[in-house]
Amino acid sequence: KMQEGAWDVLQLEEMSGCRLSFHCWPSSRLEATRCVAPIGALYTPLRKLPPNCAPPTALPYDPVRCSSATCHAVLNPYCQVDFRSKLWTCPFCLTRNHFPPHYAEAISETNLPAELIP
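Cut-offs applied
- Residues numbered from 1 in each chain as written.
- Predicted model: local features only at pLDDT ≥ 70, side-chain atom pairs only at ≥ 80, totals over all residues.
- Heavy atoms only, no water.
- Helix = DSSP H or I, 4+ residues; strand = E, 2+ residues; numbered from the N terminus.
- Buried < 20%, exposed > 50% of the residue type's maximum accessible area, 1.4 Å probe, protein only.
- Contact = heavy atoms within 4.5 Å.
- Areas by Shrake-Rupley, 256 points an atom, 1.4 Å probe, with all protein chains shown as cover.
- Pairing = 2+ DSSP bridges.
- Axes fitted to C-alpha atoms, helices over the stretch in contact; angles between N-to-C directions.
- Phe/Tyr/Trp six-rings, centres within 6.5 Å; stacked < 30°, edge-to-face > 60°.
- Salt bridge = Lys/Arg side-chain N within 4 Å of Asp/Glu carboxyl O.

Caption draft 1: Looking closely at the overall build of the protein chain. Helix and strand counts for the protein chain stand at 3 helices and 5 strands. Along the protein chain, helices and strands appear, N-terminal first, in the series α-β-α-β-β-β-β-α. Across the 118 residues in the protein chain, those meeting the buried criterion constitute 18%. Across the protein chain, the fraction of contacts at a sequence separation of at least 24, relative to all contacts at a separation of at least 6, is 39%. Here the protein chain has roughly 9700 Å² of accessible surface; of this, 59% comes from carbon and sulfur atoms.

Shown next as structure tokens:
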């Protein structure tokens, strides 16, 4: 019988479809060298997730893409945003991109588009 408040590893696996060889990441090199089992993960990529674990639905409009000829990455929470000049920097190719006019009109640190909300 599992103690109350303890992690239910099987329930976590059932929810996420991911089995881990660890449940606590080492916080130092010394702890990492003391790990007995190798750190690894097995996951089921096409697994149907329960509604409370599923990612949010897709946005109802086309994504804002990087203007670089070779990159075309999508605007995401990891992009650096310059709110004064209404530019965003692609984290992959470091190209500075202008926001579309309908974004630039309303974007601010307190009013973010859905793509920038983690």
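From this point, the discussion proceeds with the structure in view.
Caption draft 2: Representation of the sheet that holds strand β3 (residues 80-82). Taken in spatial order, the 3 strands make up an open sheet running β3-β4-β5, and their pairing is antiparallel. With one partner strand each, in any of the chains shown, β3 and β5 (96-98) form the two edges of the open sheet. Direction aside, neighbouring strands of the sheet carry axes that sit 25° apart on average. The pairing of strand β4 (residues 87-89) with β5 spans 3 bridges and is classified as antiparallel.

Caption draft 3: Local environment of the packing of aromatic side chains. Enumeration over the complete set of coordinates arrives at 1 aromatic pair. With a centroid separation of 6.3 Å and an interplanar angle of 15°, the aromatic rings of F99 and Y103 are classed as stacked. For F99, a relative accessible area of 7% corresponds to the buried category. Residue Y103 is classed as buried on the basis of its relative accessible area, which comes to 8%.

Caption draft 4: Main features of the side chain of S68. Along the chain, S68 turns up in the loop between β2 (41-43) and β3. Once residues lying within four places of it in the same chain are set aside, the contact partners of S68 are C93, T95 and N97.

Caption draft 5: View of the pattern of salt bridges. Overall, the coordinates contain 1 salt bridge when judged by the stated rule. With its nearest N and O atoms 3.9 Å apart, the salt bridge here joins D82 to R96. Pair noted here: D82 is in strand β3 and R96 is in strand β5, with a separation of 14 residues, a long-range link.

Caption draft 6: Looking closely at the environment of I117. Along the chain, I117 turns up in the segment after α3 (101-104). Linking I117 and P77, residues 40 residues apart in sequence, is a C-alpha distance of 5.9 Å. Every residue in contact with I117, bar those within four places of it in the chain, is listed here: P77 and L112.

From the geometry alone we can't say anything about function, so treat these as descriptive.
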